Amino acid sequence: MEASLRYELRRDLENKKGEQPLTLLIHLSSQRKKVATGIRLIPELWSLEKQQILNLTTKLKNLLQKKYGDNLPKKQTLIQYQDDLIDLKNKVRKIEEGFRSKGIAYSVEMLIEKIKETKEIKIKKEDPTNLVYDFIDRYIQEHELTRVKGSLVVYKSLKNHLKNYEVKTRNKIRFENIDYTFMQSFQNFLIKWEKVHETTGTVNTLNNITIAKQLSTLKTFLGYAKRLGIKVNDGYKDFAIKRDKLEVIALTQDELDQLFTFNLSSNKRLRQVRDVFCFSCVTGLRFSDLQQLKREHIKEIEIRLTVKKTKEPLIVPLNSYSKAILHKYKELVSPLPVISNQKFNKYVKELCKLVGIDDPIEIIRYKGAIKQSTIYKKHEIISAHTGRKTFATLSLEKGIPAETVMKITGHSDYKSFQRYVKVTEERKRNEMQKAWGAPI
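Residues numbered from 1 in each chain as written. Predicted model: local features only at pLDDT ≥ 70, side-chain atom pairs only at ≥ 80, totals over all residues. Heavy atoms only, no water.

Concerning the packing of helix H9 (residues 268-283) against helix H11 (residues 320-328)
At step 1: Orientation of H9 relative to H11, taken along the N-to-C sense of each, is 150 degrees, at an axis distance of 9 Å. Relative to H11, H9 is oriented roughly antiparallel. When you trace H9 past H11, the crossing you get is left-handed. Facing H9, whose interface residues are Arg-274, Asp-275, Cys-278, Phe-279, Val-282 and Thr-283, H11 presents Tyr-321, Ser-322, Ile-325, Leu-326 and Lys-328.
At step 2: Across the contact of H9 with H11, the residue classes break down as 6 nonpolar, 2 polar and 3 charged. (Axes fitted to C-alpha atoms, helices over the stretch in contact; angles between N-to-C directions. Helix = DSSP H or I, 4+ residues; strand = E, 2+ residues; numbered from the N terminus. Parallel < 35°, antiparallel > 145°, perpendicular 65-115°, else oblique. Left-handed = near helix turned anticlockwise from the far one by under 90°. Contact = heavy atoms within 4.5 Å. Nonpolar A, V, L, I, M, F, W, Y, C, P; charged D, E, K, R; others polar.)

Thoughts on the side chain of Thr-283
At step 1: Residue position: Thr-283 is located in helix H9.
At step 2: Of the polar contacts made by the side chain of Thr-283, one reaches the backbone nitrogen of Leu-285; its length is 3.3 Å.
At step 3: Thr-283 has contacts with Val-316, Ser-322, Phe-391 and Ile-408, leaving out every residue within four places of it along the chain. (Polar contact = N/O pair within 3.5 Å; in protein donor to acceptor, adjacent residues only side chain to side chain.)

Observations concerning the pairing of strand S11 (residues 370-377)
At step 1: Sheet topology places strand S10 (residues 360-367) next to S11; 8 bridges connect them, and they run antiparallel. Among the inter-strand pairings, Glu-362 is bridged to a residue of S11, identified as Ile-375.
At step 2: Between S10 and S11, which follow one another and run antiparallel, lie 2 residues, and Gly-368 among them has a positive phi close to 70 degrees. (Pairing = 2+ DSSP bridges.)

Description of H11
At step 1: Residues Ser-322, Ile-325 and Leu-326 constitute the buried set of H11. Looking down the long axis of H11, one finds its buried residues gathered within 100 degrees of arc, a one-sided arrangement.
At step 2: The elements touched by buried residues of H11 are helix H8 (253-261) and H9.
At step 3: The N-terminus of H11 is capped by Asn-319, whose side-chain oxygen sits 3.1 Å from the backbone nitrogen of Tyr-321. (Buried < 20%, exposed > 50% of the residue type's maximum accessible area, 1.4 Å probe, protein only. Arc of directions from axis to C-beta.)

Side note on the pattern of salt bridges
At step 1: Summed over the entire model, instances satisfying the criterion amount to 14 salt bridges.
At step 2: A salt bridge links Arg-170 to Glu-2; the nearest nitrogen and oxygen atoms lie 3.2 Å apart. A residue pair is termed long-range when its members are at least 10 positions apart, and Arg-170 in the loop between helix H5 (153-169) and helix H6 (180-192) and Glu-2 in the segment before strand S1 (4-9) qualify at 168 residues.
At step 3: Residue Glu-2 is classed as partly exposed on the basis of its relative accessible area of 39%.
At step 4: The exposure class of Arg-170 is buried, given its relative accessible area of 19%. (Salt bridge = Lys/Arg side-chain N within 4 Å of Asp/Glu carboxyl O.)

Considerations on the side chain of Asn-207
At step 1: By the secondary structure assignment, Asn-207 is in the loop between strand S7 (203-205) and helix H7 (208-227).
At step 2: Polar side-chain contacts of Asn-207 include one of 3.0 Å to the backbone nitrogen of Ile-209.
At step 3: In this structure Asn-207 touches Arg-365 and Tyr-366, once residues within four positions along its chain are discounted.

Some words on the packing of H8 against H9
At step 1: Contact geometry of H8 with H9 gives a least axis separation of 10 Å together with a crossing angle of 145 degrees. Read as a crossing pair, H8 and H9 show a hand that is left-handed. Contacts between H8 and H9 pair Leu-256, Leu-259, Phe-260 and Thr-261 from the former with Arg-274, Phe-277, Cys-278, Cys-281 and Val-282 from the latter.

A closer look at the sheet that holds S1
At step 1: In spatial order, the strands read S1-S2-S3; together these 3 strands make up an open sheet with antiparallel pairing. What marks the edges here is a single partner per strand, and that holds for S1 and strand S3 (31-41). Strand after strand, the sheet turns through a mean of 25 degrees between neighbouring axes, direction not considered.
At step 2: One ladder, built from 9 bridges, connects strand S2 (residues 20-28) with S3; its direction is antiparallel. Paired with Pro-21 across the bridge in S3 is Arg-40.
At step 3: This element, helix H2 (residues 75-101), spans S1, S2 and S3 of the sheet and lies at about 155 degrees to S3.

Overview of the packing of aromatic side chains
At step 1: Summed over the entire model, instances satisfying the criterion amount to 12 aromatic pairs.
At step 2: An angle of 80 degrees between the planes, with centres 5.5 Å apart, marks the rings of Tyr-165 and Phe-189 as edge-to-face. In this pair, Tyr-165 sits in helix H5 while Phe-189 sits in helix H6, placing the two residues 24 residues apart along the sequence. In terms of burial, Tyr-165 and Phe-189 fall into one category: buried.
At step 3: When the ring of Phe-182 is compared with that of Phe-186, the centres are 5.9 Å apart and the planes differ by 20 degrees; the resulting orientation is stacked. Here Phe-186 and Phe-182 lie together in helix H6, a separation of 4 residues that amounts to about one turn. For the pair shown, Phe-182 and Phe-186 are each scored as buried.
At step 4: Through a chain of ring-to-ring contacts, the aromatic side chains of Tyr-165, Phe-182, Phe-186 and Phe-189 assemble into a single cluster.
At step 5: Over the ring of Tyr-347 we find Arg-269, and its NZ or CZ is 4.5 Å from the ring centre. (Phe/Tyr/Trp six-rings, centres within 6.5 Å; stacked < 30°, edge-to-face > 60°. Lys NZ or Arg CZ within 6 Å of the ring centre and 35° of its normal.)

Set out below in structure tokens:
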């Protein structure tokens with residue numbers, strides 16, 4: 001039987017700086033004992049649920065300085081503390097393995113005795129820059145001011161998964177050890193990964209699309225690290241990432257026209273959401289660019305702005321739809337009544353349900369080799385990004401060349417755009433009739 005290990009703060013032993021000792025609680029066969037880690041933390045830097053020290057982000061640091069002044073630990077110190085916590089857990093597991101391999105029935109007291117023995121042996125600390133997740137911290141810190149808010153979430157998620165993998169395998173992750181075998185093992189770990197929500201009991205898992213994103217992000221880091229002179233094992237390059245195709249959820253021309261002309265005179269909230277959404281559908285603008293849109297960006301026949309995500313200049317020609325929407329709000333300071341992304345995604349689903357956009361849509365995801373199919377009503381999976389997808393899809397159906405659509409949407413990579421270039425049933429009918437004549 002394996003011991004249960006859990007870190008807890010001793011809230012009864014707080015010092016003058018507000019720090020509390022972090023202890024390891026070992027539970028085995030109804031026996032419970034605490035082991036001192038030698039680490040003291042202010043409680044705001046510890047997550048009991050995640051069992052880890054929190055990142056000292058600029059926002060958190062500013063908040064904590066109001067309470068603790070200059071007594072906050074350095075970011076690198078916290079990273080080292082987290083390493084020590086992983087080391088201690090790994091040490092306990094190895095001690096247990098030693099007992100079991102010899103057929104020795106062990107108690108909590110015996111574990112603690114062995115822990116004390118190993119503590120007396122001084123081990124040289126590893127250079128934290130050699131650890132992949134420490135490098136991720138550095139990458140995040142260096143890019144916080146130059147990347148769009150929210151775009152670094154996937155990197156933080158990768159770090160958490162690597163830490164979980166490290167605990168599971170009991171081996172520290174180092175750049176020189178990340179080869180083809182590691183990538184295969186890490187992929188299998190992500191496929192099997194599960195997290196049970198403590199309150200609802202809901203089990204969260206990762207599908208192949210999310211797993212592919214994690215693996216490609218890791219590859220990005222390895223390439224970045226190599227360019228900075230860090231010794232990286234090139235074996236990871238041989239690992240091919242399999243990517244499942246994403247469905248393109250877009251409105252048809254009939255659905256767009258139905259939405260555009262729907263009577264919402266008695267519902268100002270949904271009327272404004274409709275206008276902003278339709279504007280995206282007929283211009284291809286991302287929601288982040290709708291949010292930053294100002295009067296000075298709008299010229300007589302076009303919109304000129306710098307894309308928030310890519311920092312690239314963009315010119316979007318106006319058309320009859322977009323001109324009509326802008327005319328509705330000509331008295332406003334802002335060209336469009338844009339609300340928060342979260343509220344917009346909620347209201348646009350409500351809007352499309354009201355309009356009757358409810359065709360059944362099958363969404364297929366894979367978890368490893370296991371196919372997971374879910375049927376949704378179309379309005380349930382419409383979001384702000386559907387507008388951009390609608391513009392690309394309908395523009396291609398109307399015969400606008402792909403390279404022209406890419407210029408309008410700001411796509412620079414054809415590989416990311418090509419999923420829109422699919423021959424739809426509507427486009428097939430139009431081109432057949434244009435070439436051979438309509439059926440009589």
